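Secondary and tertiary structure notes
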Amino acid sequence: MNEQTPISREERIKNLKGIGSARKRVEDARFTQGAGNYVDDINLPGMLFGDFVRSSHSHARIISIDKEAALAVPGVIAILTAEDLKPLNLHYMPTLAGDVQAVLADEKVLFQNQEIAFVIAEDRYIAADAVELVEVEYEELPPITDAFKAMDDDAPVLREDIQDKMEGAHGPRKHKNHIFLWEQGDKEGSEKALADADVVVEELITYQRVHPCPLETCGCVASMDKINGKLTLYGTFQAPHAVRTVASLITNIAEHNIRVVSPDIGGGFGNKVGVYPGYICATVASIVTGVPVKWVEDRIENLTSTAFARDYHMTGKIAATKEGKITGLWCHVLADHGAFDACADPTKFPAGFFNIVTGSYDIPVAYVGVDGVYTNKAPGGVAYRCSFRVTEAAYLIERMIEILAQKLNMDPVELRLKNFIKKEQFPYQSALGWEYDSGDYHTAMEKGMAAVDYPALRAEQAEKRAAFDRGETRTLMGIGTAFFTEIVGAGPVKNCDILGLGMFDSCEIRIHPTGSAIARLGTISQGQGHATTFAQIVATEIGIPAEDITLEEGDTDTAPYGLGTYGSRSTPVAGAATAMAGRKIRAKAQMIAAYLLEVHEGDLEWDVDRFQIKGNPEAHKTMKEIAFASYNQAIPGLEPGLEAVSYYDPPNMTYPYGAYFCVLDIDVDTGVVDVRRFYALDDCGTRINPMIIEGQVHGGLTEALAIAMGQEITYDEMGNVKGGSLMDFYLPTAVETPVWETDETVVPSPHHPIGAKGVGESPNVGGVPAFSNAVNDAFAHKGLTHTQMPHDHWRVWKTAEKLGLSG
Amino acid sequence: MSKMNVKMTVNGKEIESLSEPRTLLIHFLREDHKLKGPHIGCDTGHCGACTVDLDGKSVKSCMTFVGQANGANVTTIEGIANPDGTLHVLQEAFKEHHGLQCGFCTPGMITRAYRLLQENPSPTEKEIRYGISGNLCRCTGYQNIVKAISMAAQTLNTQEAAE
Ligand code: FES
Ligand code: FES
């Protein structure tokens, strides 16, 4: 039953819409019609609504909580406090970082807007009314808002619950407000390199506290079915299986009786990895009331209580020869984790993969020490559109390179080219313990330089600077370069786990008799277009058109176990699992084809969508034919059906990289920064869907713009959070956002089945230093070595003023 | 709390219900009338995810009490498609030019663009950027949204010229 009119091989490849095709997204039909299904769209019969009473103080003892007036409001069902959770042992919950976090404040509050009581009411208006009526009496305590003061001798003890536990999850704690010290590399060796060097530069570089702020906030609907004992939890979960396991561990409900569903997610960017008090409270509330309970935070709650990112105070020292060869790197980080260590990092990496800080450079010796401390700020420390702490590391090294170049009086691009890891050095063993899989940095950098005509930009800048000095213009031109190397795709189970769960991922593919298919994954899309791209991987691997493949994620009852989507791990890990599951299918298909064609398996070869007899392509069986045969023929020695599952434990991480250039003009009298050009070259290995990659780069660059140019969550000295609404927290509109130019090189990952490396987070990692370097570069000739982010108008103007430039 | 009788035309259909006057239009649409297209991204008037068309103007429905919309003619994303059920040119253009990722801003964004193209049928890139500056998107970096709106404008103008 071979087809009547044979079509060309090219045509067959095109029909698959497999790897490399700019296939349009299958998700878009429902989203453009307002038919998405996000968590707040879920309405179950009889559903109640929960809302939090939150702390007005950053550090205080709770003297009393008076619920009486609130309980009297018609429609209020119950109000939970820590006292209600204690008998269930749920007043604290484990964090992903080995700490515990108060679900509802237990005797003491540790940050402003901390959860104190959970009001359950018939609708959100009644809940909000009741929240206002809960009276909390406090005794104020002195807060710590400056991480540098957290370990002072006379610092108040923040975490009384663990004050006697001086052995933390990551080793000894040297102060009651200390969380961990994480050290990597060769301290003595680096110090020696610094002592022996011709040139040393040192700088304290702060990466301010920011927030991922996806457009949809976090929320859940918990539904306990008392009759069959099953708990269903719908929510904005970037890692639904991990949530199920954690929920089972802390509620003692057997894991098979818990179903976790991530519906459509309105952006995550790291915000939706953690476990939040709202999830626990909604679950308890549903268990107590026997009806479904919804909790959805508002924007202010989102910005002030769930998952901040960064807040790293980084001191870097680089040693180099006078010719500009780097001989050593030393860094120390003071990491402000807020009131609870709720970082979302693999267990053995309390500072994530910060030890990627040697970046793209061949640095012979390096040392990193990270001290984590508690302060009276919101807990978190998530990876905001980056692999764990990689963006912090990339920012530090890319600023330090510029500072070194300035000291050496050398062009920063030339300094980079001089120190890059060379193509022939891959796989490259870094001084801090990573094995970089593949790359060709020189080619990428040179391609970027040519695209932006780097020498011409520098010449233009020199002219503009002269014109500025002659008083002919009030603007300064800045050129920012960043060359980043990311480490993504966590990760190999031998060293990566979260709460003891190995960071593999999974895919299950089932071929239907008529030759269409369903694939299920352990990941969950939050806008990355998984339903589109993973189907493309399957299409290429098994020769069934992507259009004929349904992709499902996010329901733990049906999807195979996986660790979810964050840290750019979906493509490197689940993408690999998908390819491997496809290959298992193909292996069985080959046996079936051999039977049907009455030849030996070895006589067959795979060609796009079929097995054909070597040397006789006319004799073939398409995957569609094979699928049907697998269901309707008794084939000796083979089970019927055609399906496979693969759990993929990656042998290594992947190391995407890129060369970014930013050109901007600064008005020294107003501090207004005009980004005139931004060029981003990314190498993410094999490109599955170029349209989606480009979209990811645009989005990531816009987030980088936001971080570098304006985002910050600050606290005053009393611990009052500033910047807790979209009034103050900077999200660029279409007006401030420049036009993005994208470009690529392709060096596939050698250990990944299809060579893909992951891209979603690269633009954030590379974009932030490119913007910041450009602002610093604009003032470099006037003696500036470093000015802290965010580079908002006021700060930029301040910098100009300090340098005596503003009018 | 006492309730008031609210009447409005939503997506061409008359609806009527008893609501507390303080009910926000976004909750009235989403919860009382199951129109889940408009979303809540901030409830402080900054993000535009809740944008609906109210008497010919783009309005943030999280900033509008039902009382203020009493008697109004409201269009949400659910009412943007053509009467024959095919997608509106803007909806097609957003799909075609990858103008969305997570989709959370999309209903508000398209609803805003729908009004923008009536206010200014041939906007420049800059005018589009200003025209949608009340709508935030965290995923796309706007570039493909701007492109989608601009392509949709061209298509609509060509269609009109042909008619
Ligand atoms: S929800 Fe209305 S503007 Fe954000
Ligand atoms: S597509 Fe996610 S916010 Fe716009």
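So, how was this worked out
- Residues numbered from 1 in each chain as written.
- Chains lettered and ligands numbered in written order.
- Predicted model: local features only at pLDDT ≥ 70, side-chain atom pairs only at ≥ 80, totals over all residues.
- Heavy atoms only, no water.
- Helix = DSSP H or I, 4+ residues; strand = E, 2+ residues; numbered from the N terminus.
- Rg over C-alpha atoms; globule rule 2.2 N^0.38 Å.
- Buried < 20%, exposed > 50% of the residue type's maximum accessible area, 1.4 Å probe, protein only.
- Contact = heavy atoms within 4.5 Å.
- Areas by Shrake-Rupley, 256 points an atom, 1.4 Å probe, with all protein chains shown as cover.
- Lys, Arg positive; Asp, Glu negative; His and termini not counted.
- Charge placed at Lys NZ, Arg CZ, Asp CG, Glu CD.
- Pairing = 2+ DSSP bridges.
- Phe/Tyr/Trp six-rings, centres within 6.5 Å; stacked < 30°, edge-to-face > 60°.
- pLDDT = per-residue confidence, 0-100.
- Expected span 1.5 Å × (residues − 1).
- Arc of directions from axis to C-beta.
- Domains from an automatic or database assignment.
- Buried area = accessible area lost by both parts, 1.4 Å probe.
- Salt bridge = Lys/Arg side-chain N within 4 Å of Asp/Glu carboxyl O.
- Polar contact = N/O pair within 3.5 Å; in protein donor to acceptor, adjacent residues only side chain to side chain.
- Nonpolar A, V, L, I, M, F, W, Y, C, P; charged D, E, K, R; others polar.

Next up on the list: the overall build of chain A. Secondary structure summary: chain A contains 19 helices and 37 strands in total. By the compact-globule yardstick of 28 Å for 807 residues, chain A fits well, its C-alpha radius of gyration being 28 Å. Reported as C-alpha extents along the three principal axes, the dimensions of chain A are approximately 85 × 75 × 50 Å. Per-residue burial for chain A yields a buried fraction of 66% across its 807 residues. Restricting the contact set of chain A to residue pairs at least 6 apart, pairs at least 24 apart contribute 80%. Accessible area for chain A stands at about 26,800 Å²; split by element, carbon and sulfur atoms hold 52% of it. With 71 positive and 111 negative side-chain charges, chain A shows a spacing of 4 Å between the two charge centroids.

Residues and elements named next belong to chain A. One open sheet accounts for three strands, arranged E6-E2-E8; its pairing is antiparallel. The outermost strands of the open sheet, each flanked by one partner alone, are strand E6 (108-109) and strand E8 (135-140). Looking at chain direction, strand E2 (residues 60-66) and E6 are connected through two bridges and run antiparallel. The residue bridging Ala60 from the neighbouring strand is Val109, located in E6.

Our focus in this paragraph is the packing of aromatic side chains. A ring pair, where both rings are aromatic, is described by two values, the distance of the centres and the angle of the planes. Residues and elements named next belong to chain A. A complete count under the given rule lists 34 aromatic pairs over all chains for this structure. Ring geometry for Phe349 against Trp434: centres 5.8 Å apart, planes inclined by 20°, an arrangement best described as stacked. Of this pair, Phe349 sits in the loop between strand E18 (326-336) and strand E19 (366-373) while Trp434 sits in the loop between strand E21 (428-429) and strand E22 (435-436); the two residues are 85 residues apart in sequence, bridging distant segments of the chain. Taken individually, Phe349 and Trp434 each receive the classification buried, so the pair is uniform in this respect.

In this section: the confidence of the model for chain B. Looking at chain B, pLDDT values average 96 and 99% of them are 70 or higher. For this predicted complex, the interface score ipTM comes out at 0.98, while the overall pTM is 0.96.

What follows is about helix H12 (residues 441-452) of chain A. All names here are of chain A. The terminal C-alpha atoms of H12 lie 17 Å apart, and with 12 residues this matches the ideal 16 Å at 1.5 Å per residue to within 8%. Within H12, the full set of buried residues consists of Tyr441, Ala444, Met445, Gly448, Met449 and Val452. For H12, the buried positions fall inside an angular range of 130° around the axis, keeping them on one side. Against the buried residues of H12 lie helix H11 (412-419), E22, helix H13 (454-469), strand E23 (475-485), strand E33 (657-667) and strand E34 (673-683).

To continue, consider the environment of A:Phe468. Residue and element names in this part refer to chain A. Following the sequence through the fold, Phe468 ends up in helix H13. Look at Phe468 and you get buried, because its relative accessible area is 7%. A sequence separation of 271 residues divides Phe468 from Ala197, and the C-alpha atoms of the two residues are 36 Å apart. In this view, Phe468 contacts Thr473, Arg474, Thr475, Leu476, Val668, Lys782 and Leu805; residues no more than four positions away in its chain are not counted.

Residues and elements named next belong to chain B. The domains assigned to chain B are domain 1 (4-79) and domain 2 (89-162). Computed over C-alpha atoms, the centres of domain 1 and domain 2 are 22 Å apart. Residue-level contacts link 19 residues of domain 1 with 13 residues of domain 2. With both sides pooled, the region where domain 1 packs onto domain 2 buries about 1,200 Å², and carbon together with sulfur makes up 56% of that total. Taken together, the links from domain 1 to domain 2 amount to one salt bridge. With a closest N to O distance of 2.8 Å, Asp53 and Arg115 form a salt bridge. For the pair domain 1 and domain 2, the number of links is eight residue pairs in polar contact (both at pLDDT 80 or more). Listing elements by their share of the side of domain 1 that touches domain 2, those giving two or more residues are strand E3 (51-54) and strand E4 (57-60).

Glancing now at the pairing of strand E27 (residues 517-521) of chain A. Side-chain direction in a regular strand flips from residue to residue, so the side chains alternate between the two faces of the sheet. All names here are of chain A. A large share of E27 lies buried, amounting to five of its five residues. Side-chain alternation along E27 places Ala517, Ala519 and Leu521 on one buried face and Ile518 and Arg520 on a second face that is also buried. The sheet contact formed by strand E26 (residues 505-511) and E27 spans five bridges and is antiparallel. Paired with Arg510 across the two strands is Ile518, which belongs to E27.

With that settled, the discussion passes to the interface of chain A and chain B. Taken together, the 52 residues of chain A in the interface contact 47 residues of chain B. Taking both sides of the interface into account, the surface hidden between chain A and chain B amounts to around 4,200 Å²; carbon and sulfur atoms contribute 55%. When residues of chain A are sorted by the area they lose upon contact with chain B, A:Thr32, A:Tyr125 and A:Leu215 head the list and together hold 18% of the total. Where chain A touches chain B, the interface holds six salt bridges. Notably, a salt bridge pairs A:Arg124 with B:Glu31, separated by 2.4 Å at the nearest N-O pair. Our enumeration of links across chain A and chain B arrives at 24 residue pairs in polar contact (both at pLDDT 80 or more). For the side of chain A that touches chain B, the secondary-structure elements that each account for two or more residues are helix H2 (28-32), helix H5 (124-133) and helix H17 (690-709) of chain A. For the side of chain A that touches chain B, the element with the highest residue contribution is H17(A), accounting for nine residues. Looking at the side of chain A that touches chain B residue by residue, the class counts come to 22 nonpolar, 17 polar and 13 charged.

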